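# Survey of secondary and tertiary structure
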Amino acid sequence: QAQIVDTIGQGVIPSEGNGGVSQATPGYSTKAADWYSYDPAKANALLDAAGWTGRTAAGVRTKDGKPLTVVLPYGAGSIINADGAAILQGVKEQASKVGFDVTLIPVPQSELFAGKYSTPQDHDLSVGYWTAVTAGILYINWRPSTPGDPNYSNSAFYNDPTLNGYILAGNSAPTVAAQNADYEEAQNYIAQHALSIGVYDRLSTLAVSPKLKDVWQEHAQGGPTFYDAYFTK
């Protein structure tokens, strides 16, 4: 994953192993980021043990005659830009080496925001990001979803009281240190259970005239802040 990101991003796009939050977020867990490495031998052993021992002519693993195909839709041109799409193609090729058939589906913005591929039956994997100034954003992604109160931001539709407990504890902790400790527990839990795998950090790019000084980006959305900005001759 890191090699793919570094190659396509040419050293500008930072790779990210933490599937919970990014490196700029308070309470970031380095342990979660380092949980996995690219290990085809171990991946093959795990897939063999799970019964995916057959192969098609194209090298896709099979189990009871069913191919190991996973559907991965992504927001084309909005959530995922051209570089991101190229990175996903690299991930697909990397996964194919251990027998996965990853079906990438670019979804136009009109269809994406209308809810296409938003139900559990529509996809096997999803890709995206949320931005915030604290790791409390985890509650949006992982709040339990029920038929009466569906949480479509929880695209994994994964309901786990333990994970939810860590996040709620962090959101209501009385000190920043206590908040971050709980958030780190949540990130480590996400990594340990392979609920979300990091790929790369989202970037916000600004084009600023050399004559405009002290424009900076706030951390929540990466947008420009002009409070301190001024022009020079």
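Everything that follows concerns the structure shown earlier in this document.
As a starting point, this report considers the structure included with it. (Residues numbered from 1 in each chain as written. Predicted model: local features only at pLDDT ≥ 70, side-chain atom pairs only at ≥ 80, totals over all residues. Heavy atoms only, no water.)

## A short note on the nonpolar core
With 14 residues, the main nonpolar core has Val21, Leu138, Trp142, Leu163, Ile167 and Ile190 as its most contacted residues. Put simply, the parts of the chain that give this core at least two residues each are α6 (138-142), α7 (161-172) and α8 (176-192). Examining the composition of this core, we find that four residues originate from one element, α8, more than from any other. Tyr74, Leu88, Val102 and Leu104 belong to the second-largest nonpolar core, a separate cluster that totals eight residues. (Core = buried A, V, L, I, M, F, W, Y, C linked by side-chain atoms within 4.5 Å. Buried < 20%, exposed > 50% of the residue type's maximum accessible area, 1.4 Å probe, protein only. Helix = DSSP H or I, 4+ residues; strand = E, 2+ residues; numbered from the N terminus.)

## Focus on unusual backbone geometry
One non-glycine residue with positive phi stands out, namely Tyr117, at about 65°. Within the element layout of this structure, Tyr117 appears in the loop between α5 (109-112) and α6. Assessed through its relative accessible area of 23%, Tyr117 is described here as partly exposed. With a phi angle near 55°, Ala194 is a residue other than glycine that sits in the positive phi range. Inspection of the secondary structure puts Ala194 in the loop between α8 and β6 (212-213).

## Brief notes about the sheet that holds strand β2 (residues 61-63)
Ordered by their spatial adjacency, three strands build an open sheet running β1-β2-β3, and the pairing between neighbours is antiparallel. In this open sheet, the two edge strands, each paired with only one partner strand, are β1 (54-55) and β3 (66-67). Bridge count for β1 against β2 is two bridges, and the pairing is antiparallel. By the bridge assignment, Arg55 is partnered in β2 with Arg61. (Pairing = 2+ DSSP bridges.)

## Describing the environment of Gln187
Within the element layout of this structure, Gln187 appears in helix α8. In this structure Gln187 comes out as buried when scored by relative accessible area, which is 1%. Along the chain, Gln187 and Gly84 lie 103 residues apart, while their C-alpha atoms are 23 Å from each other. Not counting residues up to four positions away in its chain, the partners in contact with Gln187 are Asn18, Val21, Gly27, Tyr28, Ser29, Ala32, Ala135 and Leu138. (Contact = heavy atoms within 4.5 Å.)

## Quick notes on the pairing of strand β4 (residues 69-75)
Regular strands have side chains that alternate between both faces of the sheet. Burial of β4 is extensive: five of the seven residues sit out of reach of the surface. Here β4 pairs with strand β5 (residues 101-107) via seven bridges, running parallel. Within the sheet, the bridge partner assigned to Pro73 lies in β5 and is Ile105. With helix α4 (residues 82-96) bridging β4 and the parallel β5, this β-α-β connection has right-handed handedness. (Right-handed = clockwise from strand over helix to strand, strands pointing away.)

## A closer look at the packing of α7 against α8
For the pair α7 and α8, interaxial distance at closest approach is 7 Å and the crossing angle is 160°. What the angle tells us is that α7 and α8 run roughly antiparallel. Where α7 crosses over α8, the handedness of that crossing is left-handed. Taken together, the residues of α8 that come into contact with α7 (itself represented by Thr162, Leu163, Tyr166, Ile167, Ala169, Gly170 and Asn171) are Gln179, Asp182, Tyr183, Glu185, Ala186, Tyr189 and Ile190. Across the contact of α7 with α8, the residue classes break down as eight nonpolar, four polar and two charged. (Axes fitted to C-alpha atoms, helices over the stretch in contact; angles between N-to-C directions. Parallel < 35°, antiparallel > 145°, perpendicular 65-115°, else oblique. Left-handed = near helix turned anticlockwise from the far one by under 90°. Nonpolar A, V, L, I, M, F, W, Y, C, P; charged D, E, K, R; others polar.)

## Here's the deal with the pattern of salt bridges
Where charged atoms from two side chains of opposite charge come close, those side chains can pair. All chains considered together, the criterion is met by three salt bridges. Residue Lys116 is joined to Glu111 by a salt bridge in which the shortest nitrogen-to-oxygen separation is 3.5 Å. Exposure remark for Lys116: the relative accessible area of 41% places this residue in the partly exposed category. Between Arg143 and Asp149 there is a salt bridge; the shortest N-O distance is 3.3 Å. (Salt bridge = Lys/Arg side-chain N within 4 Å of Asp/Glu carboxyl O.)

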